[in-house]
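Reading the structure
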Amino acid sequence: MKEIDRNNKMTLSDIAYSYIKRAILSLEFKPGSLLVEEELSELLSISRTPIRTALQKLSHEGLVIFGSKSTRVKELSPKSFLEIFDLREALEHLAIRDATIKRKPEDLVKLRALYEEQKWLLNKDKIAGRSFLDIDSEFHFTIAESSYNSLLVKYMTDINQSFIRYLYYTDFQYRTTNVINEHGLILEAIEKQDIETAQKIMEEHLKGVKDSIMIALIQNMSEPLI
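Here goes a summary of the coordinates provided. (Residues numbered from 1 in each chain as written. Predicted model: local features only at pLDDT ≥ 70, side-chain atom pairs only at ≥ 80, totals over all residues. Heavy atoms only, no water.)

Let's talk about the layout of surface pockets
Left-over empty space is what a probe sized like a water molecule reveals as it rolls over the atoms. Just so we agree on the cut-off: Only protein atoms enter the 1 Å grid used here, on which a cavity is any set of points holding a 1.4 Å probe that cannot leave and a pocket is any open set flanked by protein within 12 Å on both sides along at least five of seven lines; residues with an atom within 4 Å of a point are listed as lining. Grid points are joined across faces, edges and corners, and a volume is the space filled by probe spheres set on the points. In this text, helices come from DSSP runs of H or I with a minimum length of four residues, and strands from runs of E with a minimum of two, each type numbered from the N-terminal end. Note on residue categories: nonpolar means Ala, Val, Leu, Ile, Met, Phe, Trp, Tyr, Cys or Pro, charged means Asp, Glu, Lys or Arg, and polar means any other residue, Gly included.
Approximately 240 Å³ is the volume attributed to the largest pocket. Every residue lining the largest pocket is listed: Leu25, Arg88, Asp134, Ser137, Glu138, His140, Phe141, Met156, Thr157, Asn160, Gln161 and Ile164. Of all the secondary-structure elements, those providing two or more residues to the lining of the largest pocket are helix 6 (129-145) and helix 7 (150-169). Of the voids in this model, the second largest pocket is the one considered here, and its volume is about 160 Å³. For the second largest pocket, the full set of lining residues is Glu61, Gly62, Leu63, Lys74, Glu75, Ser80, Glu83, Ile84, Ser162, Arg165 and Tyr166. For the lining of the second largest pocket, the secondary-structure elements that each account for two or more residues are helix 4 (78-102) and helix 7. For the lining of the second largest pocket, the class distribution of residues is three nonpolar, three polar and five charged.

Digging into the pattern of salt bridges
Spelled out, the test is: The term salt bridge refers to a side-chain nitrogen of Lys or Arg lying within 4 Å of a carboxyl oxygen of Asp or Glu.
In this structure the tally under the stated criterion is 16 salt bridges. Measuring nitrogen to oxygen at the nearest pair gives 3.2 Å for the salt bridge that ties Arg48 to Glu38. With Arg48 in helix 3 (residues 48-60) and Glu38 in helix 2 (residues 37-44), this residue pair connects regions lying 10 residues apart in the sequence. In this structure, the salt-bridge partner of Glu182 is Arg175, at a minimum N-O distance of 3.1 Å. Within this structure, Glu37, Glu38, Arg48 and Arg52 form a network of salt bridges that share partners.

Here we look at the nonpolar core
To keep it simple, the criterion reads: Throughout this description, the term nonpolar core refers to a set of buried Ala, Val, Leu, Ile, Met, Phe, Trp, Tyr and Cys residues connected via side-chain atoms within 4.5 Å. Think of it in three bands: residues with accessible area under 20% of the maximum for their type are buried, residues over 50% are exposed, and the middle band is partly exposed, with areas taken using a 1.4 Å probe on protein chains only. The contact criterion used throughout is that any non-hydrogen atoms of two residues lie within 4.5 Å.
With 64 residues, the main nonpolar core has Ile20, Ile24, Phe29, Leu35 and Ile143 as its most contacted residues. In terms of residue count, the dominant contributor to this core is helix 7 (nine residues). If we ignore the near neighbours within four places in the chain, the residues touching Phe29 are Tyr19, Ile20, Ala23, Ile24, Leu35, Leu40 and Val73.

Observations concerning the packing of helix 4 against helix 8 (residues 176-192)
Our working definition: Each axis is a line fitted through C-alpha atoms, taken for helices only over the stretch in contact, and angles between the N-to-C directions span 0 to 180 degrees. For classification purposes, angles smaller than 35 degrees are called roughly parallel, those larger than 145 roughly antiparallel, those between 65 and 115 roughly perpendicular, and all remaining angles oblique.
Viewed as axis vectors pointing N to C, helix 4 and helix 8 meet at an angle of 45°, and their least axial separation amounts to 7 Å. Viewed along their axes, helix 4 and helix 8 adopt a mutual orientation that is oblique. Taking contact as the criterion, the partners of Ile96, Ala99 and Thr100 in helix 4 are, on helix 8, Ile186, Ala189 and Ile190. Here the residues of the contact of helix 4 with helix 8 are counted per class, giving five nonpolar, one polar and no charged.

Describing empty space enclosed by the protein
What the rule picks out here adds up to two cavities of 30 Å³ or more. Volume-wise, the largest cavity comes out at about 130 Å³. Residue assignment for the lining of the largest cavity shows that the elements contributing at least two residues are helix 6, helix 8 and helix 9 (195-220). For the lining of the largest cavity, the residue count by class is six nonpolar, three polar and two charged. Considered as a void within the structure, the second largest cavity measures approximately 60 Å³ in volume. For the second largest cavity, the full set of lining residues is Phe85, Arg88, Glu92, Asp136, His140, Phe163, Leu167, His205, Leu206 and Val209. Of all the secondary structure elements, the ones that give two or more residues to the lining of the second largest cavity are helix 4, helix 6, helix 7 and helix 9. Split by residue class, the lining of the second largest cavity holds five nonpolar, two polar and three charged.

Things to note about the sheet that holds strand 2 (residues 64-66)
Just so we agree on the cut-off: Between any two strands, pairing holds if DSSP finds at least two bridges.
The strand order across the open sheet built from three strands is 1-3-2, with neighbouring strands paired in antiparallel fashion. With partners counted over all chains shown, the strands left at the sheet margins are strand 1 (34-35) and strand 2, one partner each. Pairing of strand 1 with strand 3 (residues 71-73), which is carried by two bridges, proceeds in the antiparallel orientation. Across the sheet, residue Leu34 finds its bridge partner in strand 3, namely Arg72.

Put into structure tokens, the structure is as follows:
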């Protein structure tokens, strides 16, 4: 049985939704795996009705395929990834442009701390994969926050929920040194308010991310790109 903090104002469906979504995004619930209401009910000590409500909500967000007889975690696919990536890329370009202009001293301090923490992880004997990727996501999100565009931050948050499953799916180890170097160059350009360089390095950085994820998807899946 999963321990749940019920001493809050969340409804039972909110609790179920939060747990299932976190498990999907972290790949604890694998793409394509069957989500059985009875099993989730037993795991969370919650009746089936709020479990079903949570699954319906996750279906609307595109994370599960909800049916009357069965519900499955949505598969990862090259086609879906490219759609998500195109949106993420457009938002990243806007974020880096505005952040380079509008960033404040405290934003630079936070970005520098994240960069140094990720660099520290790189120097360990064995990289803590999820920690490295989580810091990576936080670095990009901090750039978005430094744009001081609240709508941009909202859209980045929304798209990242779908994007992060693909990021976790990828064997990123061979790119860690490149990632650190690229983050360092991006940070330097933001500090200098050099928009042209910041956008160029971000474009190269995103291409590397895209290529590594596509390689992982193509190697493990048979679905065509179109």
